[in-house]
Amino acid sequence: MILGIDIGGANTKIASMDGTIIELHYIPLWKNSKLPEVLLDIAKRLEPDKAGVVITGELADCFTDKDAGLSYIIDAVNNAFQNAYFLDSNGVFLKEKKKSIAAANWMASALAVGKEFGDCIFIDTGSTTTDIIPIKNGEPLAKKTDFERLKYGELVYSGALRTNIAALLKTVIIGDKISRISSELFAITADAYLVLGMIAPENYTCDTPDSAGKTTIDAKRRLARVVCADLEEISDEEILSIAKQVMKAQVNEIKDALFQVSKKHGLKSVVTCGLGEFIAGRASQECGLDIISISGKYGPEISKVFPAFAVAQLLRDQRTPLK
């Protein structure tokens, strides 16, 4: 059995090459990380013959730099799995640490998508970020680092759960008035999408800003606080309106980057995946692009862990010697 593992700063996702095993573990690396223990448990329970690994968690600010983050994560993986291979941003599986292993989960997904769907733009909207990867002739054309991809519209640091509302909006319309908002971390996109019914409570896998519950009423209270209000001061309709404005702002942000990539590479179709696939789909629709959904092809659970699923399949199909 070949297992795919995607280790991010907030979430670690696993999937077997056939998609029968799918798990998502919320492991914020900056908060007394239990990553080594969780990986040991996964290895003991599942006993994979090989593990294909992609990493993005090296950017977590608990590490002094990316090199320190890579060392921590790679050591944790190698301590748990005997046959672990790390896919880098050049699409090569490596055993030893190299800088090119950093921030490479998009490469696994893009290679798998390019092989199956041909020329397209691959969009993965997860809990924290959105990857926008141009693919031609089966080859991803994106820049190799997050630092570079941010400059070219290939990475938007905006996701379906963890994005601060204050990072998306400076004002909101309430009734017939334009209101400024607080810049505190009072509410996140998960609150808006929970109120809108776009995600279920069980999909709210990250911490809440106030360490309180994940019910709709909890989310409404947090959204009200964005405009410094209690629930007694603001109506349900006004809270719903704030949530809709959050979604519109996030879709517009992703749409602008998607248009930039589409225009540069002359690509007219997209393949979407991730917990926030509904956001990517709406942005793609507003750009007038043809849409293929990974959820529609493989189901929503695989869509949420697609980099892990993709790296497992890539390792299964590996034809060249592993380095």
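What counts as what
Along each chain, residue indices are assigned from 1 in the same order as the chain's sequence is written. The predicted origin of the model limits local features to residues at a pLDDT of at least 70 and limits the giving and counting of side-chain atom pairs to 80 or more, whereas totals for whole chains, interfaces and linings rest on all residues. Calculation of side-chain values draws on the structure's entire complement of heavy atoms; hydrogens and water are dropped beforehand. The angle between two axes is taken between their N-to-C directions and runs from 0 to 180 degrees, where each axis is a line fitted to C-alpha atoms and a helix contributes only its stretch in contact. Going along the chain from the N terminus, every DSSP run of H or I of four or more residues is numbered as a helix, and every run of E of two or more is numbered as a strand. When an angle is under 35 degrees it counts as roughly parallel; over 145 it counts as roughly antiparallel; between 65 and 115 it counts as roughly perpendicular; any other value is oblique. By definition, any crossing whose near helix is turned counterclockwise from its far helix by less than a right angle is left-handed, and any crossing with a clockwise turn is right-handed. We call two residues contacting when some pair of their heavy atoms lies within 4.5 Å. When residues are grouped by polarity, Ala, Val, Leu, Ile, Met, Phe, Trp, Tyr, Cys and Pro land in nonpolar, Asp, Glu, Lys and Arg in charged, and all others, Gly among them, in polar. For two strands to count as paired, DSSP must find a minimum of two bridges between them.

Q: Could you clarify how one ought to interpret the packing of helix H6 (residues 189-196) against helix H7 (residues 216-226) in this entry?
A: Geometry of a packed helix pair, given as the angle between the helix axes and the separation of the axes. Axis separation between H6 and H7 bottoms out at 9 Å; the angle between their running directions is 125°. Here H6 lies oblique to H7, going by the angle between them. Pair H6 / H7 crosses with left-handed handedness. In this structure, H6 uses Asp191, Ala192, Leu194 and Val195 to contact H7, whose residues at the interface are Thr216, Ala219, Lys220, Arg222 and Leu223. Per-class residue counts for the contact of H6 with H7 are five nonpolar, one polar and three charged.

Q: Hey, could you run me through the sheet that holds strand S2 (residues 11-16) in this one?
A: Pairing between the strands of a sheet comes from backbone hydrogen bonds, and it takes one of two forms, parallel or antiparallel. Reading across from one edge, S3-S2-S1-S4-S5-S6 is the order of the six strands in this open sheet, with mixed pairing throughout. Here the strands that pair on one side only, and so sit at the sheet edges, are strand S3 (22-26) and strand S6 (93-94). Bridging between strand S5 (residues 84-87) and S6 involves two bridges; their strand directions are antiparallel. Note on S6: the bridge partner recorded for Leu87 is Phe93. Against the sheet, helix H2 (residues 66-80) engages strand S1 (2-7), strand S4 (50-55) and S5, with an angle of about 150° to S5. Where helix H3 (residues 105-117) meets the sheet, it contacts S1, S4 and S5, and its direction lies at approximately 115° from that of S4.

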